[in-house]
Amino acid sequence: MSCEHAETTTLLWLYGEGPEDHAAHVAECAECTEVSALHADVVAVLPEVEAVPVRPANGSAWYLGGGLALAAAAVLVALVGGRPAEPTLDTAVALAPATTFEWQAPLSDLTDELDALDAEFADLSDELANL
Amino acid sequence: MHATLLDSRIDALSPELLAFLGRRTREPEELMQEVWLKVARANPDCPDDRSFRAYVFAVARRQIIDAHRRRQARVSLVPLDAGVREPVSAATPDSHADARRMLAVVEDTLATLQPEVVEVFRWRTTHTLSFKEIAARQGVPLNTALGRHHRAVKAIGAALSQAGLRPEESR
Ligand SMILES: [Zn+2]
């Protein structure tokens, strides 16, 4: 590695954590250009947000987008508690696109993800209740 | 850069940029608009067409990663009626079989790497965690987290190339 930025500032810049004006360096630096090309190409083949239709209690259909969509769908079904939620997880899975891929994050992270989802769902419930 | 010069450079480069993005994302037009917006805002001081092109493609690569990151960060409820449906893969594989092969290559490669390397890669590509936060979680310096992520990406890139699945490396 000859450029000191190739595995530091350039990576931060690529992932939105570095200074915007670093683009000028990347454009002029062969090594940083190569690193950028590699990361962009790898990220481009990663599975994207999955979409699973989830039907809240009010009957309107939604797509739940998120990397952990299937797990999240299960939790959403659980979160609605006493209210009937349809489709059930089984049907949610059945309705999931045939090409949906599993992209499981470590289980330890699921808690954070689900906490965030829980909060979002609570907000949504409030919004629905105020309609 | 003079507005007319910028416009003419954008016009000249648009077909190539669109093709480049089309090999890597499913929303090339949208992404191209974002790239042009960024470039126009930055108004880079590029003495010739070649340096302008290099700048544009640098921004384009960053936007590809940014677009993936934004989608992953979005755990949203989208009305079904809006007809919104996320593509399964950011790439545009010729077939679902290709997409499955790509994912298999990624997973197989990750299986050969050290857990702490895989952890950084997964956290950064499927979560909203920054490298700084990942470094803090792992209790390592920022550069170590960056190095781990780069190692994973390098390994996956090599495996994809070997399998003939990396988007054309030429622009
Ligand atoms: Zn460099």
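Given the structure is predicted, the values throughout are model-derived calculations rather than measurements.

Rules used throughout
Residues numbered from 1 in each chain as written. Chains lettered and ligands numbered in written order. Predicted model: local features only at pLDDT ≥ 70, side-chain atom pairs only at ≥ 80, totals over all residues. Heavy atoms only, no water. Donors = N, O, S within 2.8 Å, 3.2 Å for Na, K, Ca; no water. Tetrahedral: all angles 85-135°; square planar, octahedral: opposite > 155°, others 65-115°. Helix = DSSP H or I, 4+ residues; strand = E, 2+ residues; numbered from the N terminus. Buried < 20%, exposed > 50% of the residue type's maximum accessible area, 1.4 Å probe, protein only. Core = buried A, V, L, I, M, F, W, Y, C linked by side-chain atoms within 4.5 Å. Contact = heavy atoms within 4.5 Å. Expected span 1.5 Å × (residues − 1). Arc of directions from axis to C-beta. pLDDT = per-residue confidence, 0-100. Polar contact = N/O pair within 3.5 Å; in protein donor to acceptor, adjacent residues only side chain to side chain. Salt bridge = Lys/Arg side-chain N within 4 Å of Asp/Glu carboxyl O.

Enquirer: What exactly am I supposed to notice about the coordination of the zinc ion here?
Expert: Ideal donor angles around a metal are set by the shape: a four-donor tetrahedron calls for 109.5 degrees, a six-donor octahedron for 90 or 180 degrees. All names here are of chain A. Binding of the zinc ion to the protein goes through C3 (SG), H25 (NE2), C29 (SG) and C32 (SG), at separations of 2.1 to 2.3 Å. One way to put it: the 4 donor atoms around the zinc ion meet at angles of 100 to 117°, and that makes the site tetrahedral. Counting gaps between the donor residues of the zinc ion yields the pattern C-x21-H-x3-C-x2-C. Placement of the pair is C3 in the segment before α1 (9-14) and H25 in helix α2 (residues 22-28), with a sequence separation of 22 residues. On the basis of relative accessibility, which here comes to 10%, the residue C3 falls in the buried class. Overall, H25 belongs to the partly exposed group, its relative accessible area being 24%.

Enquirer: Just to check I follow, could you spell out the nonpolar core for this structure?
Expert: The nonpolar side chains of a soluble globular protein tend to be buried with one another. All names here are of chain B. If you look at the biggest cluster of nonpolar residues, it comprises 66 residues, and the most contacted ones within it are L17, L21, W36, V39, F52, V56 and F121. Among the elements that take part in this core, helix α3 (residues 49-73) stands out by supplying 11 residues, more than any other. Each residue touching W36, except ones within four places of it in the same chain, is listed here: I10, L13, S14, L17, F52 and V56.

Enquirer: Would you mind going over α3(B) with me for this structure?
Expert: One turn of the α-helix equals 3.6 residues, which is why residues spaced by three or four share an orientation. Between its first and last C-alpha, α3(B) extends 36 Å over 25 residues, near the 36 Å set by a 1.5 Å rise per residue. Counting buried residues in α3(B) gives 18 out of 25 residues, a clear majority hidden from the surface.

Enquirer: Looking at this structure, I do not really get helix α6 (residues 131-138) of chain B. What am I missing?
Expert: Along α6(B), the positions that sit buried rather than exposed are B:F131, B:I134, B:A135 and B:Q138. All buried residues of α6(B) fall inside an arc of 100° around its axis, so they share one side. Of the exposed residues in α6(B), the ones pointing more than 90 degrees away from its buried face are B:K132 and B:A136. Buried residues belonging to α6(B) abut α1 of chain A together with α5 (115-126) and α7 (142-162) of chain B. B:G139 sits one or two residues past α6(B) and shows a positive phi near 70°.

Enquirer: Would you explain the confidence of the model for chain A in this entry?
Expert: Detailed reading of the predicted coordinates is not advisable wherever pLDDT falls low. Considering every residue of chain A, the mean pLDDT works out to 63; 44% of them sit at 70 or more. Note on residues 49-110 of chain A: pLDDT is under 50 here. Beyond four places in sequence and across chains, it has 136 contacts.

Enquirer: Would you mind showing me how to read the side chain of B:Q63 here?
Expert: Residues and elements named next belong to chain B. Relative to the helices and strands, Q63 resides in helix α3. Take Q63: its relative accessible area is 2%, and that puts it in the buried class. Looking at Q63, its side chain comes within polar contact range of the side chain of E34, at 2.9 Å. Beyond its immediate sequence surroundings of up to four residues, Q63 is in contact with L31, E34, V35, K38 and R70.

Enquirer: Even after reading the chapter, I still don't get the pattern of salt bridges, so can you show me in this structure?
Expert: Opposite charge on two side chains permits pairing when their charged atoms draw close. Applying the stated criterion across every chain yields a total of 12 salt bridges over all chains. The partner of A:E20 in a salt bridge is B:R62, with the nearest N and O atoms 3.2 Å apart. Taken together, the residues span two chains, with A:E20 in the loop between α1 and α2 and B:R62 in helix α3. Under the relative-accessibility criterion, A:E20 is labelled partly exposed at 46%. Between B:R24 and A:D41 there is a salt bridge whose closest N-O contact spans 2.6 Å. Taken together, the positions of B:R24 in the loop between α1 (3-22) and α2 (28-42) and A:D41 in helix α3 (residues 30-45) put the pair across two chains. With a relative accessible area of 2%, B:R24 lands in the buried category. Shared partners join several salt bridges into a network, and the residues in it are B:E34, B:D66, B:R69 and B:R70.

Enquirer: Help me understand unusual backbone geometry, please; the structure alone is not making it clear to me.
Expert: Leave glycine aside and you will find that most residues have negative phi; peptide bonds, for their part, are mostly trans. Look at B:N43: it is not a glycine, yet its phi comes out positive at around 40°. A relative accessible area of 32% places B:N43 in the partly exposed class.

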